[in-house]
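Letter by letter, the chains look like this.
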Amino acid sequence: MYKKILELSKSLKSKFIFDYDTKNITWFKAGGKADVYCLVDNISDLQIILKNIENIPFVVVGAGSNLLVRDSGYKGIIIKLGKMFNNINLNNSKIIAGASILDSNLSKFALLNSIKNLEFYSGIPGSIGGAIKMNAGCFGYETKDIVNKVTIIEKNGKIKNLENKSLNFGYRNSNINEEIIISVEFNAEYGEKDLIQKKIQEIKDIRNRSQPIKNKTGGSTFKNPKNYYAAELIEKSGCKGLKVGDAIVSNKHSNFIINSNNASATDIENLGKMIVDKVYKNFNVILDWEIKIIGEDY
C-alpha cells in the first residue's frame with residue numbers, strides 16, 4: 001500500500017516516519033499510531049505527494065491542539081506542513097501568513113505592526129490553516145471577518161486562490177475539505193499599538209482565569225449549540241469533575257476535557273459521549289464535537 005510513498009521518501013526533502021506515535025503531536029498526549037507521518041518541506045514536495053497518494057487516506061494537522069487520534073491509530077498518512085509554510089509578511093494593507101504559523105504568533109506579528117482585529121488569535125491554541133478550515137474564533141470574533149483570500153492545493157496538486165465569499169464560512173466550519181491550505185491573506189487595519197496590546201492582555205487574562213491551559217487538553221471540546229453555551233449546559237448537567245479513567249471534565253471550565261495523567265484516547269472519547277448523553281437528557285440538545293477525532297472506531 002505504501003510502496004510508492006516509501007520510494008518518494010528517498011527522493012524528496014520532506015521527512016517521512018512510518019508507524020508514528022501520534023502522542024507526539026497532540027495536546028492530549030493520547031492516541032495510537034499513524035501508518036505514516038509526513039513533515040512536508042516545501043510546496044513542490046507537497047504537490048508530488050498529493051499526485052502519488054492515490055487512494056491512501058490522509059489528514060492534515062496543525063498544532064495538534066484540537067485533535068484526538070483514536071487508540072486504534074490512523075490508517076493513512078498524517079501530513080504536517082513544515083518550516084517553508086511558517087512565514088509571515090506584511091504587504092501594504094495585507095498580511096500574508098503561511099498555514100503553519102501559530103495563531104498566537106500571527107497576533108504578535110499584528111501587534112508589532114500596529115494592526116488591529118487579530119488580537120483574538122492570542123486566545124486560540126492552533127495554527128492558521130486550522131483556523132481557516134474551522135473558522136476559529138473566540139470572545140466575539142471570528143476568522144471569517146478578517147480573511148481576504150486563501151491559497152490552497154487540491155488533491156491533484158493544482159494551486160488555487162479562493163476569495164473569502166467562496167469559502168462559505170459558518171460557525172466553526174468552511175467548505176475546505178480535502179484541499180490543503182498553504183497560505184492566507186488577511187486584511188490589515190491599523191490601530192493604536194497600546195490599545196491592541198491592552199486587548200491582547202485582557203484576552204490572555206481571561207484565558208488564564210477561566211481555562212485549564214496548563215493541562216493536557218484539546219481546547220474547547222464541543223461547539224456552542226445555537227442560543228446556548230456548551231459549558232453552561234455541561235455544568236448544569238452535573239458533568240464538572242466527571243471522569244473516565246484518567247480523562248476528567250475540568251473543574252475550571254466544563255467544556256474542557258483534561259488528560260489528568262495517562263488517559264487513553266478511548267477514555268477521552270467515552271467521557272465526551274457521556275457528556276453528550278447527559279446534556280441531551282437534561283436539555284434535549286445534542287452537542288457537536290469541536291475536537292476533531294480521527295482513526296477507526298472499533
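Residues numbered from 1 in each chain as written. Predicted model: local features only at pLDDT ≥ 70, side-chain atom pairs only at ≥ 80, totals over all residues. Heavy atoms only, no water.

Ordered in space as S6-S7-S13-S11-S12, the five strands form an open sheet in which the pairing is antiparallel. Each having just a single partner strand, strand S6 (88-91) and strand S12 (159-163) make up the two edges of the open sheet. Within this sheet the neighbouring strands show an average axis-to-axis angle of 20 degrees, counted without direction. In the sheet, S6 pairs with strand S7 (residues 94-98) via four bridges, with the strands oriented antiparallel. Opposite Ile88, over in S7, you have Ala97 as the bridge partner. (Pairing = 2+ DSSP bridges. Helix = DSSP H or I, 4+ residues; strand = E, 2+ residues; numbered from the N terminus. Axes fitted to C-alpha atoms, helices over the stretch in contact; angles between N-to-C directions.)

What follows concerns a nonpolar patch on the surface. Taken together, Phe139, Tyr141 and Ile206 make up a surface patch of nonpolar side chains, about 230 Å² in accessible area. The topology assignment puts Ile206 in helix H5 (residues 193-210). The exposure class of Ile206 is partly exposed, given its relative accessible area of 31%. (Patch = residues over 30% accessible without salt bridge, like charges linked within 9 Å, V, L, I, M, F, W, Y side chains within 5 Å. Areas by Shrake-Rupley, 256 points an atom, 1.4 Å probe, with all protein chains shown as cover. Salt bridge = Lys/Arg side-chain N within 4 Å of Asp/Glu carboxyl O. Buried < 20%, exposed > 50% of the residue type's maximum accessible area, 1.4 Å probe, protein only.)

Here we come to unusual backbone geometry. If you check the backbone angles, Asn92 has positive phi at about 55 degrees while not being a glycine. By secondary structure assignment, the location of Asn92 is in the loop between S6 and S7. Residues other than glycine seldom take positive phi values, yet Ser114 does so here, at roughly 55 degrees. One can find Ser114 in the loop between helix H3 (103-112) and strand S8 (115-116).

Turning our attention to the layout of surface pockets. Looking at the second largest pocket, its volume works out to about 210 Å³. Lining the second largest pocket are 17 residues; nearest its centre among them are Ser104, Ser107, Lys108, Ser122 and Lys204. For the lining of the second largest pocket, the secondary structure elements donating two or more residues are H3 and H5. Split by residue class, the lining of the second largest pocket holds seven nonpolar, six polar and four charged. (1 Å grid on protein atoms, 1.4 Å probe; cavity = no way out; pocket = protein on both sides within 12 Å on 5 of 7 lines; lining within 4 Å. Points joined across faces, edges and corners; volume = space filled by probe spheres on them. Nonpolar A, V, L, I, M, F, W, Y, C, P; charged D, E, K, R; others polar.)

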